[in-house]
Amino acid sequence: MNAAQAYLGTPYKLAYGWTCGTATVDCECLNRHAIWDGTYAATGRGLQLNYWLQGQINQGRRVGTPRPGDLVFWDTDPSDGIRYGGDLDHTGVYVGNNRVIDANAYYGYVKYDSITLGGTEPDPLFIDVLAPNGY
């Protein structure tokens with residue numbers, strides 16, 4: 001997905017709510033900008049995603065086989081004690097060939113990664129936000 005690729009190398013910075021910009025992004029922010037930019041370029045109307053993970057999940061539908069443009073969610077801290085949905089604490093944009101683009105706090109920038117985050121997260125959740133919203 002070209003819109004997500006445009007953010008490769010962008011520095012990571014944690015942002016809360018609707019405060020994120022485009023010079024630095026966190027994972028939710030990357031999703032929001034990539035989906036908006038891509039849908040706007042393709043159709044002339046951008047899809048506005050929610051600013052928090054569970055809100056982004058609720059805007060789409062779970063799929064077993066991801067397509068480019070689907071969102072990917074991981075529970076990177078299973079000991080945080082939050083119920084299903086709230087405990088998914090990292091996200092990225094699926095770009096095909098078992099690869100994602102994510103704003104990665106560990107590395108400090110937006111980068112390509114595997115859908116299992118290098119094998120550390122074997123059970124990602126795939127969400128199609130495009131088709132349910134008319135794109």
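Just above sits the structure.
Criteria and cut-off values
- Residues numbered from 1 in each chain as written.
- Predicted model: local features only at pLDDT ≥ 70, side-chain atom pairs only at ≥ 80, totals over all residues.
- Heavy atoms only, no water.
- Phe/Tyr/Trp six-rings, centres within 6.5 Å; stacked < 30°, edge-to-face > 60°.
- Helix = DSSP H or I, 4+ residues; strand = E, 2+ residues; numbered from the N terminus.
- Lys NZ or Arg CZ within 6 Å of the ring centre and 35° of its normal.
- Salt bridge = Lys/Arg side-chain N within 4 Å of Asp/Glu carboxyl O.
- Buried < 20%, exposed > 50% of the residue type's maximum accessible area, 1.4 Å probe, protein only.
- Pairing = 2+ DSSP bridges.
- Patch = residues over 30% accessible without salt bridge, like charges linked within 9 Å, V, L, I, M, F, W, Y side chains within 5 Å.
- Areas by Shrake-Rupley, 256 points an atom, 1.4 Å probe, with all protein chains shown as cover.
- Core = buried A, V, L, I, M, F, W, Y, C linked by side-chain atoms within 4.5 Å.
- Contact = heavy atoms within 4.5 Å.

With that out of the way, let us pick up the packing of aromatic side chains. Centre distance and the angle of the planes are the two values used to describe a pair of aromatic rings. According to the stated counting rule, one finds four aromatic pairs in the structure shown. Between Tyr94 and Phe126 the ring centres are 6.3 Å apart and the planes differ by 75 degrees, which places this aromatic pair in the edge-to-face class. Highlighted residues: Tyr94 in strand 3 (residues 90-96) and Phe126 in strand 6 (residues 125-128), separated in sequence by 32 residues. Consider the rings of Tyr106 and Tyr107, whose centres lie 5.0 Å apart with planes at 85 degrees: the pair is edge-to-face. A network of ring pairs unites the aromatic residues Tyr106, Tyr107 and Tyr109 as a single cluster. The ring of Tyr135 has Arg45 sitting right over it, with the charged end atom 4.2 Å from the ring centre.

Attention shifts here to the pattern of salt bridges. Within this structure, the stated rule accounts for three salt bridges. A salt bridge links Asp128 to Arg61, with the shortest nitrogen-to-oxygen separation between them at 3.2 Å. Of this pair, Asp128 sits in strand 6 while Arg61 sits in strand 1 (residues 61-63); the two residues are 67 residues apart in sequence, bridging distant segments of the chain. As a salt-bridge pair, Arg67 and Asp128 come within 3.1 Å of each other at their nearest N and O atoms. Of this pair, Arg67 sits in the loop between strand 1 and strand 2 (71-74) while Asp128 sits in strand 6; the two residues are 61 residues apart in sequence, bridging distant segments of the chain. Taking the relative accessible area as the measure of exposure, Arg67 reaches 45% and is therefore partly exposed.

Successive side chains on a regular strand alternate, one facing one side of the sheet and the next facing the other. Burial of the side chains of strand 6 extends over both faces: Leu125 and Ile127 are buried on one face and Phe126 and Asp128 on the other. Of the strand pairs in this sheet, strand 1 and strand 6 are connected by three bridges, and their pairing is antiparallel. In the sheet register, Arg61 faces strand 6, and the bridge partner there is Asp128. Of the pairings in the sheet, the one linking strand 2 to strand 6 comprises three bridges and is antiparallel in character. Residue Leu71 lies in a different strand from strand 6, and its bridge partner there is Ile127.

To continue, consider a nonpolar patch on the surface. A grouping of Trp18, Tyr51 and Trp52 is seen on the molecular surface, where their side chains present a nonpolar patch of about 340 Å² in accessible area. Of note, Trp52 is situated in the loop between helix 2 (27-43) and helix 3 (53-58).

If you look at the biggest cluster of nonpolar residues, it comprises 24 residues, and the most contacted ones within it are Leu30, Ile35, Leu71, Phe73, Val110 and Val129. Among the elements of the structure, helix 2, helix 3, strand 2, strand 3, strand 4 (99-104) and strand 6 are those that each provide at least two residues to this core. The greatest single-element share of this core, amounting to four residues, is contributed by helix 2. When near neighbours in sequence (up to four residues on either side) are disregarded, Phe73 contacts Asn31, Leu53, Gln56, Ile57, Leu88, His90, Thr91, Pro124, Leu125 and Ile127. Of all hydrophobic cores here, the second largest spans eight residues; its members include Val63, Val100, Ile115 and Leu117.

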